[in-house]
Every structure is written in structure tokens, then in C-alpha cells.
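# Examination of the molecular architecture
Here's the letter readout for the chains.
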Amino acid sequence: MKVKAKNYLQQLEQKIQRNASQIDNYLEQRVMVLQNCARLVDKAIDLDKTTFENIAKYRSGGSDVDEVRNQVSTQLDAVSSKINIAFENYPDLQAHTEIKDAMQQNMYLQREITAARELYNDTVNTWNREIFVWPTKQIVAAKEGYTTRIPFIASQEIKAKARELFF
């Protein structure tokens, strides 16, 4: 009976370690997604700024060379004479779509992290309960030096941030 109890507790301990590892894997993926998202935001800002500066420059005729300004003006006149629509049409910048996709990936990973933490906590709860089952598991746990484990809890910093305004 003791061998069976020892095998059970060892398997449960391995399950706890696997669950903890899964949380780490999701956290690592989330860090990578957020790092990529940060780079995308930087590039999107630069792209938007450059694109809209160029649009404003060409619309205002702010070109440095008169020849280029006249050529752009002629092209704009030709295009505007063909267009009967009275609203501004700005380019569709795809960088924002990539940022949206990265943020959706982040939200997905956050849900996976939450689920993995719940699974970990359930397994830790089972562990904490099982090491006190009398007599066999409690004797094996005492002999092997098994003690209770602490379930995942959010840090005080995270709890404080959760109460803050984000926008």
C-alpha cells in the first residue's frame, strides 16, 4: 500500500511540475508577442507619420523644387477633376491590422495563462489534500519530506494595478 501511495504522490508531483511548466511556456509566448507588438507599434507610428506628412506636403504644395510641385499639382488637378466624391480618402495602413492581430494573440495567451494557472491550482489543491490522507499517504509524505504547496496567487503589485485606471 505504501508503494502505491508513493507512486501516486510522485505522479501528482510530476503533474504539478508539468502544469507549472505550461504556465511558463505561455508566459514566454506572451512576452514574445508583446515584444513584437511593441516593435510593430513603433513601425506603425513611423509609417503613419511619414505617410501623412507626405500627404500634407503634397496637398499644400510644400515641395522644395518648383518643378516637382507643379508636376504634383498637375497630377492632383487631373485626379480631382475625375473624382466627384467630396470626402477625404486616406490610405489604408496595414500596420494597424498587424497590431490588432498581435493584441488578439496577447488576449488569447492571457486566457491560456489563466486556464493553466487554474489547472495548476487544482492540482496543488489535490496535492495538499492527498498528503494528509491517513494513514498510508500521510506516512509516505512524512517519510519523503513532502509538504504543502502554495497555489498561484497574484502579486500585490498586480493586485494594485488591477485597481488603477488604464485609460
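Further up the page is the structure itself.
These remarks concern the structure in this document. This structure is a prediction, so every number in the text was calculated from the model and none was measured. (Residues numbered from 1 in each chain as written. Predicted model: local features only at pLDDT ≥ 70, side-chain atom pairs only at ≥ 80, totals over all residues. Heavy atoms only, no water.)

### Quick look at the packing of aromatic side chains
The geometry of two aromatic rings is summed up by the distance between their centres and the angle between their planes. Rule in force here: Only the six-membered ring of Trp is used, alongside the rings of Phe and Tyr, when aromatic pairs are assigned; centres must lie within 6.5 Å, and planes under 30 degrees apart are stacked while those over 60 apart are edge-to-face, with the rest tilted. Each helix is a run of H or I in the DSSP string that is no shorter than four residues. Each strand is a run of E no shorter than two, and both are numbered from the N terminus. For every residue, the accessible area obtained with a 1.4 Å probe (protein chains only) is divided by the maximum for its type, and the residue is called buried under 20%, exposed over 50%, and partly exposed between those limits. Criterion for a charge above a ring: Arg CZ or Lys NZ at most 6 Å from the ring centre, at most 35 degrees from the ring normal.
All chains considered together, the criterion is met by one aromatic pair. With centroids separated by 5.0 Å and ring planes inclined at 65°, the aromatic side chains of W127 and Y146 adopt a geometry described as edge-to-face. Linking W127 in helix α3 (residues 95–130) with Y146 in the loop between α4 (136–144) and α5 (156–162), this pair joins segments that are 19 residues apart in sequence. Its relative accessible area of 1% is what places W127 among the buried residues. Classification of Y146 as buried rests on a relative accessible area of 15%. Sitting over the ring of Y8, K137 keeps its end group 4.3 Å from the ring centre. Over the aromatic face of W127 sits the side chain of R149, whose NZ or CZ is 5.1 Å from the ring centroid.

### Topic: the pattern of salt bridges
Where charged atoms of side chains with opposite charge meet at close range, the side chains can pair. Quick reminder of the rule: In what follows, salt bridge is the name for a side-chain nitrogen of Lys or Arg lying within 4 Å of a carboxyl oxygen of Asp or Glu.
For the coordinates displayed, the defined rule picks out three salt bridges. The salt bridge partner of E144 is K6, with a shortest N-O separation of 3.4 Å. Of this pair, E144 sits in helix α4 while K6 sits in helix α1 (residues 2–60); the two residues are 138 residues apart in sequence, bridging distant segments of the chain. E130 is the salt-bridge partner of K137, the closest N and O atoms lying 2.4 Å from each other. For the pair shown, K137 and E130 are each scored as buried.

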